[in-house]
Amino acid sequence: MIDRQHSQQFLKPQPVNSHGQSIRRQLLTYLFVSIFVLLLVFSIGVIWLTQKGASELIVSNAQETTRVLAQQSTLALLTESVENAESALQQVRSFPDVVGAGLVTGQGEILDWKGDEQGRQYFSQVDWSKVSEEMLTSESEDFWHIASQVVLTGNADDEGELDLYEATEQYLGFAIISFSKQSLNDINQDLFITISIAGLVAIFGLPLIVSIVLRRLLTPLQSLSEVMYHNHRTGEHKVADVQGSTEVNMMAESFNSMMKTLDDQDEKLRSHRDQLEAEVNIRTQELVVARDAALTSNRYKSEFLANVTHELRSPIQSIIGYVELVKEEAENEGLYDILADLERVTRNAERLFNLINSILDLSKIEAGRMDVKLKTFHLQEVLTELEEVTAPLAPQNNNSFSLQVLCGNPELHLDPQKVLQILINLVSNACKFTQDGEIVVRVFVENNDIYFEVRDNGIGIPERQLERIFQKFQQVDGSDTRKFGGTGLGLAISQQFCELMKGHLQVTSSEGIGSCFTLKLPMK
Ligand code: ADP
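Note that this is a predicted model, so its numbers are computed, not measured.

*Asks:* Give me the overall build of the protein chain: which residues, what numbers.
*Replies:* From N to C terminus, the protein chain includes twelve helices and 14 strands. Radius of gyration (C-alpha) of the protein chain: 65 Å, far over the 24 Å computed for a compact globule of 524 residues. Along the first, second and third principal axes, the C-alpha atoms of the protein chain reach 210 × 60 × 40 Å. For the protein chain, with 524 residues in total, the buried portion stands at 34%. Counting only carbon and sulfur atoms, one obtains 54% of the accessible surface of the protein chain, whose full area is about 32,900 Å². Looking at the protein chain, you have 44 positive and 72 negative side-chain charges, and the mean spots of the two groups are 19 Å apart.

*Asks:* Report on the pairing of strand β11 (residues 438-446), specifying residues and quantitative values.
*Replies:* Where strand β9 (residues 400-405) lies against β11, six bridges are found, and the strand directions are parallel. Within β11, the residue paired with V405 across the bridge is V443. Relative to strand β12 (residues 449-456), β11 runs antiparallel, the two sharing eight bridges. When the sheet's bridge partners are listed, V443 is paired in β12 with F452. Taking the residues between adjacent antiparallel strands as the criterion, β11 and β12 are bridged by two residues, where N447 takes a positive phi near 50 degrees.

*Asks:* Describe the site of the ligand, naming the residues involved and giving the relevant values.
*Replies:* Taken together, 20 residues form the shell around the ligand, and within it N429, D456, Q475, T487 and L491 come nearest. N429 is positioned with one of its side-chain polar atoms (N or O) 2.8 Å from an oxygen atom of the ligand. Within the backbone of L491, a nitrogen or oxygen atom sits 2.8 Å from an oxygen atom of the ligand. Considering the ligand on its own, with 530 Å² of exposed area, one finds that the protein chains cover 96% of that surface. Elements that contribute at least two residues to the shell around the ligand include exactly α11 (416-432), α12 (490-500) and β14 (514-522).

*Asks:* Which residues make up the pattern of salt bridges, and what are the values?
*Replies:* Enumeration over the complete set of coordinates arrives at 21 salt bridges. The shortest N-O distance in the salt bridge between R291 and D292 comes to 3.2 Å. Several salt bridges share partner residues, and in doing so they unite E86, D112 and K114 into one network.

*Asks:* Before we move on, could you go through the packing of aromatic side chains and cite the residues and values that matter?
*Replies:* With the rule as written, the count across this model stands at eight aromatic pairs. Between W128 and F174, the aromatic rings sit 4.8 Å apart at their centres with planes inclined by 35 degrees, giving tilted as the arrangement. One end of the pair, W128, is in the loop between α5 (117-124) and β3 (135-139); the other, F174, is in strand β7 (residues 169-180), with 46 residues separating them in the sequence. Assigned by exposure class, W128 and F174 land together as buried. Three or more aromatic residues joined by ring pairs make a cluster, and in this case those are W113, Y122, F123, W128, Y171 and F174. Over the aromatic face of W144 sits the side chain of K181, whose NZ or CZ is 5.4 Å from the ring centroid.

*Asks:* An account of a nonpolar patch on the surface is requested, with residue identities and associated values reported.
*Replies:* Residues F32, V33, F36, V37, L40, V41, I44, L200 and F204 make up a contiguous nonpolar surface patch of roughly 890 Å² in combined accessible area. Within the residue set of the nonpolar patch, elements represented by two or more residues are α2 (23-72) and α6 (182-234). With seven residues, the single largest contributor to the nonpolar patch is α2. For I44, the position within the fold is in helix α2.

*Asks:* So what's going on with the nonpolar core? Which residues, and what values?
*Replies:* By size, the foremost hydrophobic cluster in this structure holds 42 residues, and its most contacted members are F452 and L521. Top element by residues in this core is α11. It accounts for eight residues. Counting 25 residues, the second-largest nonpolar core is a separate cluster that includes A70, A85, V98 and I146.

*Asks:* For the packing of α6 against helix α7 (residues 246-333), give the residues involved together with the corresponding values.
*Replies:* When two helices pack together, their arrangement is given by the angle between the helix axes and the distance between those axes. One can describe the packing of α6 onto α7 by two numbers: an axis separation of 10 Å at closest approach and a directional angle of 20 degrees. By the angle between their directions, the pair α6 and α7 is classed as roughly parallel. By crossing handedness, the relation of α6 to α7 is classed as left-handed. Of the residues in α7, those touching α6 at P220, L221, L224, V227, M228 and N231 are V248, M251, A252, F255 and M259.

Definitions and cut-offs
Residues numbered from 1 in each chain as written. Predicted model: local features only at pLDDT ≥ 70, side-chain atom pairs only at ≥ 80, totals over all residues. Heavy atoms only, no water. Helix = DSSP H or I, 4+ residues; strand = E, 2+ residues; numbered from the N terminus. Rg over C-alpha atoms; globule rule 2.2 N^0.38 Å. Buried < 20%, exposed > 50% of the residue type's maximum accessible area, 1.4 Å probe, protein only. Areas by Shrake-Rupley, 256 points an atom, 1.4 Å probe, with all protein chains shown as cover. Lys, Arg positive; Asp, Glu negative; His and termini not counted. Charge placed at Lys NZ, Arg CZ, Asp CG, Glu CD. Pairing = 2+ DSSP bridges. Near = heavy atom within 4 Å. Polar contact = N/O pair within 3.5 Å; in protein donor to acceptor, adjacent residues only side chain to side chain. Salt bridge = Lys/Arg side-chain N within 4 Å of Asp/Glu carboxyl O. Phe/Tyr/Trp six-rings, centres within 6.5 Å; stacked < 30°, edge-to-face > 60°. Lys NZ or Arg CZ within 6 Å of the ring centre and 35° of its normal. Patch = residues over 30% accessible without salt bridge, like charges linked within 9 Å, V, L, I, M, F, W, Y side chains within 5 Å. Core = buried A, V, L, I, M, F, W, Y, C linked by side-chain atoms within 4.5 Å. Axes fitted to C-alpha atoms, helices over the stretch in contact; angles between N-to-C directions. Parallel < 35°, antiparallel > 145°, perpendicular 65-115°, else oblique. Left-handed = near helix turned anticlockwise from the far one by under 90°. Contact = heavy atoms within 4.5 Å.

See below:
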């Protein structure tokens, strides 16, 4: 019967590892990381560039303012009078980022300073005699400090009048201003806040938008993959109802047609299987009937043989008996010429008797009626009887016979009659198929088994026949013109006896060299 489950398993795909991240999740992760990195690089770049640009602009403005103050302070420094610079200083101080402004004389002393004290302190530490540049710009954490040289262009005569046509430059001192970095810091702060807000919006907003778009794009694909996975797990052939992009639709269509093909094939397989099952059932029924008939006829045959052989034995036994009587009377009457004929009758009657006995044994074995009569006895009892029975056989073909017992006289628990019958058969075969040779029976014990080895140096058996000789009615030479007599039943019965006693009979032989039959039996 064909296994239904087996055929289903055949169609069912084996499970694979379904763990792993979805496309959507992976894309979102990559996007999130990319945006984050890009934004970081972009923010750092923008802040750096903006700060640089703003700072350069503010410094340039501050320098310009200082330069203007320097131009307006010429008179004040020339006369070293603070009042002349008062309005210019007040004007400069009004600029939002200017935290202090003042003037330094040609001798390096601060003529006037208005505003934050930190500025005054910074400028008072400057060694003005060493400052050669027209414009000095330096910065601290919170301020830029800028100094612009005040130069008088033209030539002053003895009364102090300027001769503007003969231009010379006279160094008068420096106009100094401290500028706060507050506006730059404000710009930076605003920039940082703006970029942070833009960044946050980009980090969370963009993935959100992409996620929504991806969800719309991937939902049909997901449905398709769910159906595929379901089929894969259950072995069903469910089709996918998916509406999505062209590519996904094409995939779904291909998948559905594949499922349909599989369904059709499944159906065909199922009907094949059912058909086969039905046929197997019919054949099994037929075989059962045939087997029963064969068993019955075999039993009838065995019973018939057992009855017939039993009926045949009695008349043959009386023929043998009567012939013996006739032989005695012929001897007494001196009728020697018919004695040889009577001898031939006895021999043939005995052969017939042996054949009937063999057939009786065989039919009993086949009918399962052959009993094993287990008994405890000593080895020597069987060997003595064997020697008695086989003694006249060896000389017939001018053979020598020897018995080698290598295990003393152990106690055996077997059927002695059957052991004897097997040994007689093996020895008589050896005598029959050996001419002018020697027959050796070796007995030994190994691992609680007793071994009887019957060896001869007779005609031997061809290798291809070795299996056959244990079958019923099989002889190496089965032709009508065969040289040796026999029924071909001896070895078949011996092997059956052997198996009944849980033993084993085997042969090794070489054609023209000799044969060795080994009988192995458990001692108990
Ligand atoms: P058979 O009555 O013919 O001897 P067996 O069953 O005893 O029947 O033997 C079957 C055949 O096996 C024999 O006919 C013979 O060809 C072969 N055979 C058995 N024993 C020997 C042996 N010792 N040497 C050669 N051939 C043997």
